Amino acid sequence: MERSIESMLGCAETRKDLRVLVTIVTPVIAAVAAHVFAECEVPILYDIEGEGTASKEWMQLLRLGSSEKKILISVLPKEQAYEMSEKLGRCLPLKKAGTGIVFTMPLDGMHDYSQTQKDDAGHQPEKMEYSMVAAIAKKGSSEEVMDAARTVGASGGTVVHASKITSEKILNLWGLSEEGDREIILILSTAEKKSGLMAAIEARCGKTEAQARTFASPVDRVEGLDYYLN
């Protein structure tokens, strides 16, 4: 059962201390993760179906099986989110390509491409090592988006179809409203590649039929990233 994000929010200062804990793993590992969340009495606010962007041929070559993914989302106070991400990193088998990744990001950290350019130009004092880039595009455009992303070094991503997101709050968060013909391509990268990723996707897919828009958020804690990037 979903728990309302609003029930966890207070004043602006409280929001600054909250983190979105994101777990992207295979369905089998998601079941293990659910037990970890239950043992720690941490609610999973959203459980969303997704799929990896690797081709079937590549999946077969690496013997990775299904490309299905589960995206588990929680919102927690910063220190609790950090502790939970570390525990998931210890309990989940993330040291193998294709198994998954766990990370945390600020609740209010998601900015669109134009705002991200302004932020980068302003040299904001809090620079984080990693970033989550999200591209929103028309359904069926994930390959086009990933082709653009790979030209600047992206290794892979996770696709979420808007039609599979049942929560209006999550749809609004991504600017999707009721547009069920959209999909979200999530790409975790180093912060130094963020601007290049967004620029490549906007340039190659922004004015095509894909109608891609990009957003990005800083990421402050990551578990399993070395295996994700490789």
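Okay, so let's go over this structure. Everything quoted here is computed from the prediction, not taken from an experiment.

**Considerations on the overall build of the protein chain**
Tallying secondary structure elements over the protein chain gives nine helices and ten strands in all. Taking all 230 residues of the protein chain together, the buried fraction comes to 45%. Pairs at least 24 residues apart make up 82% of the contacts formed inside the protein chain by residues separated by at least 6 positions. For the protein chain, the accessible surface area stands at approximately 11,900 Å², while carbon and sulfur atoms represent 50% of it.

**Structural notes on the side chain of Asp220**
With respect to the helices and strands, the residue Asp220 is situated in the loop between β9 (213-219) and β10 (221-223). Side chain to side chain, Asp220 and Arg19 meet in a polar contact 2.5 Å long. At a separation of 2.9 Å, a polar atom in the side chain of Asp220 contacts the side chain of Tyr82. What Asp220 contacts, discounting residues up to four positions off in sequence, is Arg19, Tyr82, Thr104, Met105 and Met128.

**With respect to helix α6 (residues 142-150)**
Ser142, Val145, Met146, Ala148 and Ala149 are the residues of α6 that are buried. The buried residues of α6 occupy one face: seen down the axis, they fall within an arc of 155°. Tucked inside the fold, the buried residues of α6 contact β6 (130-138), β7 (158-161), β8 (182-190) and α8 (191-205).

**A closer look at the pattern of salt bridges**
Tallied over the entire structure, the rule returns four salt bridges. Among the ionic pairs, Lys70 bridges to Asp47, the shortest N-O distance being 3.3 Å. Residue Lys70 is located in strand β3 (residues 68-77), and its partner Asp47 is located in strand β2 (residues 46-52); the two are separated by 23 residues in the primary sequence. Using a relative accessible area of 22% as the deciding quantity, one classes Lys70 as partly exposed. Here Asp47 falls in the partly exposed class, since its relative accessible area comes to 48%.

**Describing the sheet that holds β8**
Strand order in the open sheet made by the ten strands is β5-β9-β6-β8-β7-β2-β3-β1-β4-β10, with antiparallel pairing throughout. Either end of the sheet is taken by a strand with one partner, and the two such strands are β5 (111-112) and β10. Relative to β8, β7 runs antiparallel, the two being bridged by four bridges. Pairing of His161 across the sheet is with Glu183, part of β8. Where α6 meets the sheet, it contacts β6, β7 and β8, and its direction lies at approximately 20° from that of β8. Running at roughly 150° to β8, α8 makes contact with β5, β6, β8 and β9 of the sheet.

Rules behind the numbers
- Residues numbered from 1 in each chain as written.
- Predicted model: local features only at pLDDT ≥ 70, side-chain atom pairs only at ≥ 80, totals over all residues.
- Heavy atoms only, no water.
- Helix = DSSP H or I, 4+ residues; strand = E, 2+ residues; numbered from the N terminus.
- Buried < 20%, exposed > 50% of the residue type's maximum accessible area, 1.4 Å probe, protein only.
- Contact = heavy atoms within 4.5 Å.
- Areas by Shrake-Rupley, 256 points an atom, 1.4 Å probe, with all protein chains shown as cover.
- Polar contact = N/O pair within 3.5 Å; in protein donor to acceptor, adjacent residues only side chain to side chain.
- Arc of directions from axis to C-beta.
- Salt bridge = Lys/Arg side-chain N within 4 Å of Asp/Glu carboxyl O.
- Pairing = 2+ DSSP bridges.
- Axes fitted to C-alpha atoms, helices over the stretch in contact; angles between N-to-C directions.

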